[in-house]
Each structure stands twice: as structure tokens, then as C-alpha cells.
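As a plain string of letters, each chain reads:
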Amino acid sequence: MKAFRLLLVLLALLAWAPAHADEFSDAVRALNADNFADKIAAAEALSALGDGRAAVILEALADGRLHAAGDGTIVMEQGGAYRDAITQAAASSADASPITVNNRLRGVLRGAVGRLGLFSPDPELRKRAAESVIASPTPESAAMVRRALETETLPEVKRMLSLALANLDLADADPERRKAAIQALRDSSDPMVRGQLQHMLETESDPEVKAAADKAVGAINSRLVWVSVGANIFQGLSLGSVLLLAAIGLAVTFGVMGVINMAHGEMIMLGAYTAFVVQEVFRATLPPEYVGLYLPVAVPVAFVVTFVIGVGLERTVIRFLYGRPLETMLATWGISLMLQQLVRSIFGASNREVANPAWMTGGIDLIGGFTLTYNRVIIIGFCLAVLLALAALLRWSSFGLHMRAVTQNRPMAAAMGIPTGRIDAATFGLGSGIAGMAGVALSQIGNVSPNLGQGYIVDSFMVVVFGGVGSLWGTLLGALSLGLVNKVLEPYAGAMLGKILVLVVIILFIQKRPRGLFALKGRSVES
Amino acid sequence: MKFVRALGAGLLAAASLLPFTAANAADDTIKVGVLHSLSGTMAISETTLKDTVLMMVDDINKHGGLLGKKVEAVVVDPASNWPLFAEKARELLEKEKVAAVFGCWTSVSRKSVLPVFEQLNGLLFYPVQYEGEESSRNVFYTGAAPNQQAIPAVDYLMSKDGGEVKRWVLAGTDYVYPRTTNKILEAYLKSKGVKAEDIMINYTPFGHNDWQTIVADIKKFGAAGKKTAVVSTINGDANVPFYKELANQGIKADQIPVVAFSVGEEELAGIDTKNLVGHLAAWNYFQSVKAPENDAFIAQWKTFIKNPKRVTNDPMEATYIGFKMWTQAVQQAGTTNVDAVRQAMYGQKVKNLTGGTAVMNTNHHLSKPVLIGEIQANGQMQTVWKSKDVIKADAWSPYIPESAKLKADWTYPWVCGNCAEPKFKM
């Protein structure tokens, strides 16, 4: 009798196993439906099976890595290799085309992957699952999260799960649960949570819960005010560092040499195109994982290229025009137009794609929905490094000494045996070279087009004039304060009016202090 | 002295030849003007359209020309300079005596040439989606009006497939097209029961590249617990840093989708599209649409431009439709006379590249299908919604009270582009 029962169980197991497998593979195949409604139904059916293998497949589908081959097999791409999604056997990608998804399906998939991942043995997956439950809450998830919480051991995952649960419990029918959820969420600084609590204030019927929600919203609000002040300062510094990068080169050519160089913006543009060329060379010659390294290589290359062009310009055009600011201005403006057209003829009129390397994309989510984006942080650091290097060069190198001597008193410097002509050329080259490096950095946040420089030339002059002609520290302070003022004004006045207000402020300031923030004192200045 | 005399004789001979060659040219060629910026900020977009017209001219000449004559394109460069557009338009009409002009991109350039075309009774084919609220007797608008692009896009986002959006950010560049479009959209959203506090409107200057604050604001606005979407009328290359910032601040398309009206395949060619996947664009044409006409067009374009990587986009299709319609109208009228061609234009039909047939209406706008696509990792659009039938363009939006009363119809008894009642009583 016993043996018979065992046999029955075995038979049942045997019968069940293939049936189960078929159910699973049928569900996977159903993902390749004709319309999105069917695909959504298939994804939901697949996740309802509760099979651990489904999570990987659904995630691949959300990322566009799930392909359907011509014979109906579903193939999954992982790191360049293709595998059969059901049997895990290696497969070819020859005739496979990706299964299309839309935003609604992506949302469903995210939720499904989240729910499936809650019980995964991998803590990293569980953490991600908790995040995705918060991002796309569904009423069914509450029970599952509660179950997951019971078995969870890691404190970090536990904390995230209870946050997720509290988020879901805000909509619970039981007022006690709602109140407990509010208590749990009171210390959050997530604007999403505040939004939900605010929404609750409008719909809540229980007065006690309502009062708790009101208090929690107040607490979150007062924290978020500080977050937004911090975010504003960061954005101001970041804009300031961009202005500074664009202006440092000009601070050398205009500030130190007194040359009104209208082609300064084009030096920035040439630097950005150098970054593009270096990137293309890297793409053509190196395996994809090293392509991201093109950026550190592009910086010195851009410096050399624009340095050479700068020296060439100085020797062939600008040195004949010293002391004639109007002619210099017209000549350099003409040069800027020629350089633009040259680049347009070589690279075409359309924008060129300079991709952010992986290490410069994304950011760290700090509190309260404020993201510290990597590219901005790196540019602030790069900008300070360039400024310090330049200051050190001027202060401690013999070239810096000669340069300062020539700008302060040219005849005397010449009498001391300093080759003034060569120093002029090198100084102009240095200013251009720095502009070229700035171009590499700016290619990471803006467009690379022949007109790139025009967007920066006015701002650069503004910074140099505001900071005080001839003073590097004035340029630094000028750029940072313009950046901060711009960003503080922007939320109230809008980007357009903010810019106008900053211009008005500068005009008024220049009226009051014509030589800018830091005026150079000395006999040579007025000559 | 001998040299001077020889020179004089040569000049005389040349001068006597000149009128003869000109007359000769007028006899066996038909001139069309191409008025697109080939330098300056708009060169990025407009150069492509110049090449499209040249391709069409080349094609028609290969097939025996028009009315037995060769078609010759006269290309001028208004250099993204709006007043220069008017000067160049005058040059094309008065000096070159072109039969029709294909040109303009921005609304301000169109507004600048409008008086010239009306005064000299010229014919302009305008191939770009625009804000509507206009119908000139001398212009045929082959791009989309707001009800062929903006309104369907908003409807899609409100639908179940689009994510049932409840909160809206209207972000645009600060000039006439975004401002008018947003005015129409705001009125439309309010008519659909969206409250004022659920609409955020934001304008930025041309070429804006510091999007940190605005993207952070959008993030904050979207955190209010209601599904939020951004409707973007941001124009030109300001889009690139905008999308970059969105990606860097971690905003994904399934959380806050962005639907754009000025971002097409050409613009995406300059962006790393990996982070844009799932954001939307609304147009009347996508390169990715599978249709025999489209395949032929793409192949023709790639051969003509000698670059297999070049993409096609919506304004190119609009140029294609405009040029085809004009040649058909000229053939039907048997002349290039502007008044005759205009009459022949009404009801003119051309097959869309994406299927269906475009029809020219008496309000000088087209009936076209509307497509909504999601951006793919390869920079192409995948259609997620298509209008069931062609949609007829409204020259005047019914959602703005002042223009709801107006009607554009250039046939009897209306004969007017902005009238509340017909010019002639029946």
C-alpha cells in the first residue's frame, strides 16, 4: 500500500514536471505576441507562474535583449552572447529580431521582476526588487512584501522592504496600518513619499490619521527645503565651473595680453572636435571596453592641436595688430568665421556625437531626489585642476616669470634679454590650448557642432570683464558668482529672464567698478 | 591700346550674347527656388531639405522633365538670418522668376517671407510641422498642424497604452512655435479636465545647455504621486543636453516619458540614444515604417547623398509630398502660372511614404496620418500608435477661443485664410 502510494506520488511528479516545463515555455513563447496588450497579458501570466527563471527573461525583455528567431524560439542576449531563453543552450542570433516593448509593458515588467526578485537567494537582487516595488506599486505587492519581510535577515534589505511596505500600506483599508505606515515614513526625505502623503491629506477620512500625515508632510517639507538649497548651490557651482573653463583661456589672451580674441570660442570648438576625432580613432581600433578611455587621451591631444593653431594665428595675423584693438577684433572675428566654415566643410553641418564614457554617465542619488551627476562633478574637478595648474605655471616656472615680465613692461623685459616675440606667441598658444581642453570637457555636456564656440564667447567675455581683466582669481570668483546668481534666479525668474537679469546686474556693476572685481594695480595697466 | 579694343569687342560680343542665352534658358527650363539656410544655426536641419529638393529635381529630369522642359533648381543661402530670407525670396521671384519656391524651416523665417510672396504672387511650399494659426493664399503647408501632431500625442499619453498621464510639463524653446503650441495644448488639457496646478510651463532660450535646474524641477513636479509626462517643443540642438541631463538624473521613460515634436531621426543622429530608449516622438513619418514607397525613398536618398548612414525624416517626406503635388498640379494645369497651379493643387493626391494618401485641402494644409513612436537604441523610432485614417489639418485651432471662429478656405464662396464668414454670399 505504502509502495503504491509512493509510486502514485512519483507518477504525479513525473506527469507534473513536463507539464510545468511546457507551461513555462509556452508562457515565454507567448511574449512574442503581435500587440502590446497580448504581450502584457503574457508577461503577467509568466510572472504568475512564480518560476525563478522568469525574472531573468522578463528583465531581458524590458532591456530589449530578448529576441525572437525566425522559427519562433526565444533567444536571450547577455553580454554579446545569445542563448535559448528556455533551454539555456547557446543559440545563434542570425535571424533573430528583438521583441518590441513600449513604456506600459516596461512598467508591468518592472513590477513583475520586482515581485519575483523578492524571494531570490541573491541579496542584491532582493534589494533591487524592493526598489522596483517602491517605483511601481501595485495593490497585490503588499502581501508579497509582507511575506518577504518575515523571512528577510539582512538589515539593509529589511529596511528597504519595510519602506516599500509602508509605501504600499498608505492605501490600506485599516486606519491603524495607515497610521503605522505614516510613522515609518516620517523620516524619509523622498519627494515621492511627500507626494503620496499630500495626496492622502485630500482623501483621508480618519481625523487621527490625517493629523499624523499632516505632521509628517511638515517634517519632510522642512528637510526638503535644505535639500533644494544644497541642490541649488551645486548647480550654481557646476554652471560656474563651465563658465570658468570657457573663460580661463580668454583670461590669458585677453586678460594678460590684452588681445580681444573673437576666435576664442572656435578654439573651444576645435577642442571638442578633437575629442570627437580621438573617440572615432578609439572606436575604430580598440575593443569596446576601452573606448571610454578616449577622454583622458583627448585632453592633451586637444591642448597640443589648439596650442599649435594658436601659435600659428599669433605669428601670422595677431602680432601685426598689437595695440590696435579694433583691427584685432575684426581680424579674429573673420578668423572665427573661417574656422567655423572649415570645420563645417570637413565634418559637415550636423552635430557630431561625442558619447559620455560609462564612468561619466548617471549619478549618485543623494537625499530628497537630488542627484549628483558624475559628469558635472568631474567637470568641476577638472576645471579646478586646470586653474591650479595654470596658476602654478605662471607663478613658479621661468616661462611664467617671462610672461609676467612681458605683460608688465615690454621694453624693460626686452632690455633684460627676454625674447618678447616668442613669449607672446607661447602665451597666445597657451590661452588657445586651455580653450581646447575646455572644449573636450564641454563636449561632454553640450553639442559638438560648428557653432559650439558662439554660445560661449559672450559668457567668457562677461566672466573676464566682471572678474577683473588680468586676474586669474578674479576670473575664478567672477565665474562662480555668475553661476550661482544665475541658478538662484532661475527657479523664480525662469531661464530666459534669469539670463537677462544677470546681464543687467553686470552692467550696473561695471558702471560702479569699471575694472571688475579684482583690479590690477600698477603702472603698466593704463598704458 | 590694342588690348583695350580687343577687350571692348569681347565685352560687346558677350553682352549681345547674354539676352539670347537668357531667353533660351527661359524657353526650355522651369526654375524652382530652394530657400533653405546652408550656414548658421539652422544649417544642421535645413541643408538636408535642400538636398532633398535637389534629389527630386534630379529625379524628375531623369524621367523627362516637366511639361517637356528641364527643371532647374536655383539654390540660395539665407544663412539663418530672418530678414535675409525676405531678400532672398524677392531675388528668387523677381530676378530668377522661379515657378515655385521650396523653403523655410523656422516660423519666424516663414513670417519674414510671407509679405514678399503675397506681394509678388509667388508660391511657397513650407515643409515643417508648425504652430498653425495661419493660411496664406501663396503658401502650401505640407508639415503638420498642431492637431496632426501635438493633440494626438497628448491623447495617446492620456490613453491606457500611454500610461494615463495626469500631470503635464510643457517645456519649450522661447519663440512663436512652442508658445502657440503650448497655448493650444493648455486650452486642450483644461478642456479635458486637467487642473491648472497639474500643468507646468517652462521656456528656455535657443541653444540652452544647462538643464540641471529644469530637469530637477521636472523630477520634483513628477514626484507628486500622479503619472507625469513632459511635452517637449524644445527645438534644435538644445535637445541633446536636455536628454543627457534626464538620463544622468535617472529619469526613465517609463516613469516620466518625454514626447517631442521637434526630435526626429536627423537630430538623434547626433546623440548617444542608449539613454533615450522609450521616450516618444510624434510625427507624420518615421524612417522605420515598412512600406514599399518608403523603402524606395530611403534607397534613392542614400544613393543620391552617397552616404549609406544618412537617415530620412519627417520634413523630408513633407518636402517630397510638396514637390510631387506641385509637379502633378503643373502637369494638370499645363502651365507653371501660379494662379492656375494653385487651383490645380486643391484635392491633389500623393501617396504617403508610410502608406495611405495625402490630400491637399482648400485651407492649403494636408490630410496626413499621425504616428507616435518610441525611440530605439539604434536612433530609429518604433511606431507604437498610428491614426486609423488620415487627419485633416486645422489651420485655425478650435481650442483657442479667438481662432475657433475663423475658417480658412481658398475656394468659392469663402476665398479667405482667416474669415469668420464667407467673402461671397451664395
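Along each chain, residue indices are assigned from 1 in the same order as the chain's sequence is written. To label them, take the chains in the order written and letter them from A, then take the ligands in the order written and number them from 1. In keeping with the predicted nature of the model, local features appear solely for residues at pLDDT of at least 70, side-chain atom pairs appear and are counted solely at 80 or more, and the whole-chain, interface and lining totals rest on all residues. Only hydrogens and water are set aside when side-chain values are computed; all heavy atoms of the structure are taken into account.

> Sorry if this is basic, but what is going on with a nonpolar patch on the surface here?
Among the surface-exposed residues, Trp359(A), Ile364(A), Leu366(A), Ile367(A), Tyr374(A) and Ile378(A) lie close enough to one another that they form a single nonpolar patch of about 530 Å² accessible area. Going along the chain from the N terminus, every DSSP run of H or I of four or more residues is numbered as a helix, and every run of E of two or more is numbered as a strand. With respect to the element layout, Ile364(A) can be found in strand β5 (residues 363–365). Patches here are clusters of residues that have more than 30% relative accessible area and form no salt bridge, with a 9 Å joining cutoff for like charges and a 5 Å cutoff for nonpolar side chains (Val, Leu, Ile, Met, Phe, Trp, Tyr). Only the protein chains shown count as cover for residues, and the accessible areas themselves come from Shrake-Rupley with a 1.4 Å probe. In what follows, salt bridge is the name for a side-chain nitrogen of Lys or Arg lying within 4 Å of a carboxyl oxygen of Asp or Glu.

> Help me out: how do you make sense of the domain arrangement of chain A in this one?
For the domain bounds, the source is a domain assignment made automatically or taken from a database. According to the domain assignment, chain A consists of domain 1 (1–117), domain 2 (120–205) and domain 3 (230–512). Computed over C-alpha atoms, the centres of domain 2 of chain A and domain 3 of chain A are 48 Å apart.

> Help me out: how do you make sense of the interface of chain A and chain B in this one?
By a widely used convention, the size of an interface equals the accessible area lost when the partners come together. Two residues qualify as a contact provided that any one of their heavy atoms is within 4.5 Å of a heavy atom in the partner residue. The interface of chain A with chain B comprises 50 residues on the first partner and 51 residues on the second. In this assembly, chain A and chain B are joined by 6 salt bridges. A salt bridge links Arg104(A) to Asp161(B); the shortest N-O distance between them is 2.9 Å. Between N or O atoms, a polar contact is any pair within 3.5 Å; within protein, one atom must be a potential hydrogen donor and the other a potential acceptor, and residues adjacent in sequence are included only when both atoms are from side chains. At the surface where chain A touches chain B, the tally comes to 14 residue pairs in polar contact (both at pLDDT 80 or more). Looking at the side of chain A that touches chain B, the elements with two or more residues in it are α4 (103–117), α9 (191–203), α10 (207–256), β5, β6 (371–373), α14 (374–396) and α19 (472–512) of chain A. By the convention adopted, Pro, Cys, Tyr, Trp, Phe, Met, Ile, Leu, Val and Ala count as nonpolar, Lys, Arg, Asp and Glu as charged, and the other residues, Gly among them, as polar. When the residues that make up the side of chain A that touches chain B are grouped by side-chain class, the tally is 15 nonpolar, 24 polar and 11 charged.

> Would you take a moment to explain the environment of Arg404(A) for this structure?
Residues and elements named next belong to chain A. With respect to the element layout, arginine 404 can be found in helix α15 (residues 398–408). For the pair arginine 404 and leucine 394, spaced 10 residues apart in the sequence, the C-alpha separation amounts to 7.5 Å. In this structure arginine 404 touches Leu394 and Arg395, once residues within four positions along its chain are discounted.

> Just checking my understanding: could you explain the domain arrangement of chain B for this structure?
Residues and elements named next belong to chain B. The domain boundaries assigned to chain B delineate domain 1 (28–144 + 295–368) and domain 2 (147–289 + 371–402). The C-alpha centroid of domain 2 is placed 27 Å from the C-alpha centroid of domain 1. Residue-level contacts link 34 residues of domain 1 with 31 residues of domain 2. Counting each side, the surface lost to burial between domain 1 and domain 2 is near 2900 Å², with a carbon and sulfur contribution of 56%. The largest share of the area that domain 1 buries against domain 2 comes from Gln129, Glu133 and Thr354, three residues that together contribute 22% of it. Linking domain 1 with domain 2 are 1 salt bridge. Two parts placed together each lose some accessible area; with a 1.4 Å probe, that loss summed over both constitutes the buried area.

> What am I meant to see in the pairing of strand β3 (residues 100–103) of chain B here?
Remark: a regular strand shows side chains that alternate across the two faces of the sheet. All names here are of chain B. Relative accessible area decides the class of each residue, using a 1.4 Å probe on protein chains only: under 20% of the type maximum gives buried, over 50% gives exposed, and in between gives partly exposed. Of the two faces of β3, both are covered, the one formed by Ala100 and Phe102 as well as the one formed by Val101 and Gly103. When DSSP finds at least two bridges between two strands, those strands are taken to pair. Where β3 lies against strand β4 (residues 124–126), 2 bridges are found, and the strand directions are parallel. Looking at β4, one finds that phenylalanine 102 is bridged to phenylalanine 125.

> Looking at this structure, how should I read the state of the cysteines?
Linking two cysteines covalently via their sulfur atoms produces the bond known as a disulfide. Residue and element names in this part refer to chain B. Only a pair of cysteine sulfur atoms within 2.5 Å counts as a disulfide in this structure description. Applying the stated criterion across every chain yields a total of 1 disulfide over all chains. Cysteine 416 shares a disulfide with cysteine 419; S-S distance 1.7 Å. Taking the sign of the S-S torsion, about 80° here, the bridge from cysteine 416 to cysteine 419 comes out right-handed. The two residues cysteine 416 and cysteine 419 agree in class, both being buried.

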